[in-house]
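Structure at a glance
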2 protein chains.
Amino acid sequence: MTDASLAVSTVIFALRSSGRFGEDAGERRLWLPLVRRIREPFDGKWALPGGPLGAGEGLAEAATSTLARTTGLSPRYLEQLYAFGDPGRSGENAGSADGAACGGRVVSVVYWALVGDEEARAARVGQNVRWFPADELPPLAFDHELIVEYALWRLRNKVEYSRIASAFLGGSFTLAQLREVYEAVLGRALDPANFRRQIEASGVLEDTGEVLTGVRHRPPRLYRYNEAVDLADQGPLGRLAQK
Amino acid sequence: MTDASLAVSTVIFALRSSGRFGEDAGERRLWLPLVRRIREPFDGKWALPGGPLGAGEGLAEAATSTLARTTGLSPRYLEQLYAFGDPGRSGENAGSADGAACGGRVVSVVYWALVGDEEARAARVGQNVRWFPADELPPLAFDHELIVEYALWRLRNKVEYSRIASAFLGGSFTLAQLREVYEAVLGRALDPANFRRQIEASGVLEDTGEVLTGVRHRPPRLYRYNEAVDLADQGPLGRLAQK
């Protein structure tokens with residue numbers, strides 16, 4: 001008989017320019033929303049958005065609901081990260097009355113999600129919700145610092161898959177825009193000519209046949225992510241990972 | 001307030017020669033142990049080893065306990081696969097009385113594990129436990145067929161990491177033995193010379209300085225997996241993944 005209850009939390013990434021979230025100024029950085037707790041344990045501390053798993057609710061569905069409730073956004077990309085469940089992680093030994101009716105320990109199934117640029121800019125920010133740059137986070141409740149670290153690592157490893165970078169950008173984009181996403185996520189500059197060569201060799205993009213409007217002299221071509229290429233990425237869970 | 005209870009299941013892989021499990025005859029195949037259910041739902045059907053998460057028990061710890069209880073073995077490799085939790089997966093709509101006290105739905109955190117050759121050969125097989133070739137499984141309870149499919153896919157993708165192949169073989173091995181593991185997992189023959197070249201170029205093996213005993217003429221060299229190379233594989237969860 002288990003003592004554990006289930007929660008679903010979500011690490012949500014958006015790429016925005018530096019400066020105050022919502023303002024367009026300077027190079028792009030990763031931002032994520034956090035929620036300030038209003039009860040023990042860790043009252044007053046910032047934590048990942050999330051909550052108990054509702055009756056009849058699927059795991060990915062719960063993650064998407066959390067995302068909508070916290071930020072007003074829907075994800076461009078969503079993937080299960082990991083289930084964190086070691087005893088003591090949820091402060092159940094801290095003498096609080098916050099445990100669920102079935103016991104003190106909380107096992108969190110954590111998802112990570114990417115939201116788009118324009119959407120994050122327009123997002124309503126709920127009470128107790130604030131966006132922070134991923135490299136300037138406050139101290140977090142529970143084991144959420146480890147969770148964020150793992151989600152960042154997963155994102156940085158997966159950005160090699162243009163699907164992820166494309167999710168930040170939306171429908172179509174130039175190679176320069178794609179490269180800037182890689183640079184913001186990886187935290188370092190990439191040589192433009194090498195980048196172009198590698199992306200073209202990978203075959204993961206398709207030319208839309210259009211060019212960027214508003215540029216008079218040699219407007220850059222617009223590409224989009226080639227969905228067909230990446231079905232192998234998730235294996236048999238490809239369908240589940242996107243629900 | 002959640003309606004879900006937690007379980008931990010384990011997909012356990014061993015590499016054995018074909019023929020009856022425990023006999024040494026012919027080429028190697030993947031085998032996994034299943035448990036025959038003795039209650040509803042799916043009474044009489046084969047299922048993955050597992051059980052409810054015990055009080056104060058970590059997730060990986062629960063997976064290891066299941067492994068020991070079912071097969072008498074400890075894992076050479078253990079990794080969390082995925083949390084499966086969609087409503088309806090555990091037959092809670094089938095009108096059975098098998099739900100845990102906190103509600104009908106079961107969320108399973110699934111681990112996959114590799115056990116070694118000699119150990120699997122000597123393993124005690126508990127009541128209602130039987131080993132099956134991975135490509136000749138009986139119909140399974142719940143969504144366990146999907147879970148096994150995903151675990152196989154993950155294993156086949158990861159075998160490129162010699163760490164995984166090495167886990168099947170134990171301490172030290174020849175290149176031919178390593179290649180046979182790859183071939184058994186991937187289900188196809190590999191060119192020996194190309195294989196040797198790729199492995200040597202990868203730098204993931206270290207020469208033990210010893211050779212295989214009992215071979216008089218040009219005995220093959222023995223290698224072992226170079227632990228230091230692969231710490232990056234798990235990122236920040238490297239420690240957690242191995243607990």
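As annotated in an unreviewed UniProt entry, chain A carries the name NUDIX domain-containing protein and comes from Gryllotalpicola koreensis.

**Description of the overall build of chain A**
A count of helices and strands for chain A gives 7 helices and 9 strands. Expressed as a percentage of the 243 residues in chain A, the buried residues total 52%. When contacts within chain A are restricted to residue pairs at least 6 apart in sequence, those whose partners lie at least 24 apart make up 66%. When the accessible surface of chain A is split by element, carbon and sulfur atoms take 48% of a total near 11,100 Å².

**Examining the nonpolar core**
Core analysis: the largest hydrophobic core is formed by 130 residues, its most contacted members being Phe13(A), Trp112(A), Phe13(B) and Trp112(B). Each residue touching Trp112(A), except ones within four places of it in the same chain, is listed here: Val11(A), Phe13(A), Tyr77(A), Leu78(A), Glu79(A), Leu81(A), Ala151(A), Arg154(A), Leu155(A), Lys158(A) and Ile164(A).

**Some details on the packing of aromatic side chains**
Residues and elements named next belong to chain A. For the structure on display, the rule yields 16 aromatic pairs over all chains. Their ring planes at 15 degrees and their centres at 5.7 Å tell us that tyrosine 150 and tryptophan 153 sit as a pair that is stacked. Taken as a pair, tyrosine 150 and tryptophan 153 lie in helix 3 (residues 144–158) at a separation of 3 residues, close to a single helical turn. Classification of tyrosine 150 as buried rests on a relative accessible area of 7%. The structure contains a cluster of three or more aromatic residues connected by ring pairs, namely Tyr82, Phe84, Tyr150 and Trp153.

**Topic: the packing of helix 4 (residues 162–169) of chain A against helix 5 (residues 175–186) of chain A**
All names here are of chain A. Interaxial distance between helix 4 and helix 5 falls to 9 Å at its minimum, and their mutual angle equals 105 degrees. When the axes of helix 4 and helix 5 are compared, the pair comes out roughly perpendicular. Of the residues in helix 5, those touching helix 4 at Ser162, Ala165, Ser166, Phe168 and Leu169 are Gln177, Leu178, Val181, Tyr182 and Val185. Considering only residue class, the contact of helix 4 with helix 5 consists of 7 nonpolar, 3 polar and no charged.

**Section: the confidence of the model for chain A**
One rule of thumb: low pLDDT means the predicted coordinates there are not for detailed reading. All names here are of chain A. Summing up the model confidence of chain A, the mean pLDDT is 82 and the portion of residues at 70 or higher is 79%. Least confident of the elements in chain A is helix 7 (residues 238–241), whose mean pLDDT is 50; most confident is strand 3 (residues 46–47), at 96. Contacts for the low-pLDDT stretch residues 94–103, under 50 throughout, to residues beyond four places or in other chains number 13 contacts. Ignoring residues within four places in sequence, the model shows residues 239–243, a span with pLDDT below 50, making 12 contacts including any to other chains.

**Some details on the environment of Leu114(B)**
With respect to the helices and strands, Leu114(B) occurs in strand 6 (residues 105–114). It is 14 Å that separates the C-alpha atoms of Leu114(B) and Leu48(B), two residues lying 66 residues apart in sequence.

**What about helix 6 (residues 192–202) of chain A?**
For helix 6 of chain A, the side-chain oxygen to backbone nitrogen distance between the N-cap and Ala193(A) is 3.3 Å, and the N-cap itself is Asp191(A). Residue Gly203(A) follows helix 6 of chain A closely and has a positive phi angle near 70 degrees.

**Points about the environment of Leu32(A)**
Residue and element names in this part refer to chain A. On the secondary structure map, leucine 32 appears in strand 2 (residues 28–36). What makes leucine 32 buried here is its relative accessible area of 0%. Once you skip the residues sitting within four places of it in the chain, leucine 32 turns out to touch Val11, Ile12, Leu48, Arg130, Trp131, Phe132, Ala134, Leu137 and Val148.

**Here we look at unusual backbone geometry**
All names here are of chain A. For the bond running from glutamate 40 to proline 41, omega is -5 degrees, close enough to zero to count as cis. Counting through the fold element by element, proline 41 comes out in the loop between strand 2 and strand 3. For arginine 218, which is not a glycine, the phi torsion comes out positive at approximately 50 degrees. Within the secondary structure layout, arginine 218 lies in the loop between strand 8 (205–211) and strand 9 (221–225). The exposure class of arginine 218 is exposed, given its relative accessible area of 73%.

**Some details on the pattern of salt bridges**
All names here are of chain B. Enumeration according to the criterion identifies 16 salt bridges over all chains in this entry. Residue aspartate 135 pairs with arginine 29 through a salt bridge whose shortest N-O separation is 2.9 Å. Separated by 106 residues along the polypeptide, aspartate 135 in the loop between strand 7 (129–133) and helix 3 (144–158) and arginine 29 in strand 2 (residues 28–36) bring together distant segments of the chain. Using a relative accessible area of 59% as the deciding quantity, one classes aspartate 135 as exposed. The partner of glutamate 79 in a salt bridge is arginine 154, with the nearest N and O atoms 2.5 Å apart. In this pair, glutamate 79 is assigned in strand 5 (residues 77–84) and arginine 154 in helix 3, connecting sequence segments 75 residues apart.

**Digging into the side chain of Arg29(B)**
All names here are of chain B. Given a relative accessible area of 18%, arginine 29 falls into the buried group. A distance of 2.9 Å separates polar atoms of two side chains, one belonging to arginine 29 and the other to aspartate 135. Within polar-contact distance, the side chain of arginine 29 engages the side chain of glutamate 136 at 3.0 Å.

**Some details on the side chain of Glu57(B)**
Mapped onto the fold, Glu57(B) is located in the loop between strand 4 (50–52) and helix 1 (59–71). No salt bridge is formed by the buried Glu57(B), whose closest oppositely charged neighbour, Arg105(A), lies at an N-O distance of 6.2 Å. Side-chain polar atoms of Glu57(B) contact the side chain of Ser65(B), separated by 3.5 Å. Dropping the residues within four chain positions of it, Glu57(B) is found in contact with Gly85(A), Pro87(A), Arg105(A), Pro52(B), Ala62(B) and Ser65(B).

**Quick notes on the packing of helix 5 (residues 175–186) of chain B against helix 6 (residues 192–202) of chain B**
Residue and element names in this part refer to chain B. In contact at an axis separation of 11 Å, helix 5 and helix 6 are set at 100 degrees when each is read in the N-to-C sense. Between helix 5 and helix 6, the crossing angle belongs to the class labelled roughly perpendicular. Two secondary-structure elements touch here, helix 5 through Leu175, Leu178, Arg179 and Tyr182 and helix 6 through Pro192, Phe195, Arg196, Ile199 and Glu200.

Procedures and definitions
Once a new chain begins, its residue numbering starts again from 1 and follows that chain's sequence as written. The naming scheme follows written order: chains are lettered A onward, ligands numbered 1 onward. Under the rules for a predicted model, residues below a pLDDT of 70 receive no local features and side-chain atom pairs below 80 are neither given nor counted, while totals for whole chains, interfaces and linings still include all residues. With hydrogens and water set aside, each side-chain value is computed from the structure's full complement of heavy atoms. Only DSSP runs of H or I with at least four residues qualify as helices, and only runs of E with at least two residues qualify as strands; both kinds are numbered from the N terminus onward. Throughout, exposure labels follow a simple rule: accessible area from a 1.4 Å probe, protein chains only, divided by the maximum for the residue type, with under 20% read as buried, over 50% as exposed, and the rest as partly exposed. Residues count as neighbours in contact if any of their non-hydrogen atoms are within 4.5 Å of one another. Here the Shrake-Rupley method, with its probe set to 1.4 Å, supplies the accessible areas, and only the displayed protein chains count as covering residues. Here, nonpolar core means buried Ala, Val, Leu, Ile, Met, Phe, Trp, Tyr and Cys residues that are tied together by side-chain atoms lying within 4.5 Å of each other. For Phe, Tyr and Trp, where Trp contributes only its six-membered ring, two rings pair if their centres lie within 6.5 Å, and the inter-plane angle classes them as stacked under 30 degrees, edge-to-face over 60, or tilted in between. All axes here are fitted lines through C-alpha atoms, helices being fitted over the stretch that makes contact, and every angle between N-to-C directions spans 0 to 180 degrees. When an angle is under 35 degrees it counts as roughly parallel; over 145 it counts as roughly antiparallel; between 65 and 115 it counts as roughly perpendicular; any other value is oblique. Basically, the charged four are Asp, Glu, Lys and Arg, the nonpolar ten are Ala, Val, Leu, Ile, Met, Phe, Trp, Tyr, Cys and Pro, and anything else, Gly included, counts as polar. Known as pLDDT, the predictor's per-residue confidence is scaled from 0 to 100. For this analysis, a polar contact is any N or O atom pair within 3.5 Å, provided that within protein one partner can donate a hydrogen and the other can accept it, and provided that sequence-adjacent residues contribute only side-chain to side-chain pairs. We define a salt bridge as a side-chain nitrogen of Lys or Arg found within 4 Å of a carboxyl oxygen belonging to Asp or Glu. All tallies of charge rest on Lys and Arg as positive and Asp and Glu as negative; His and the ends of each chain are not included.

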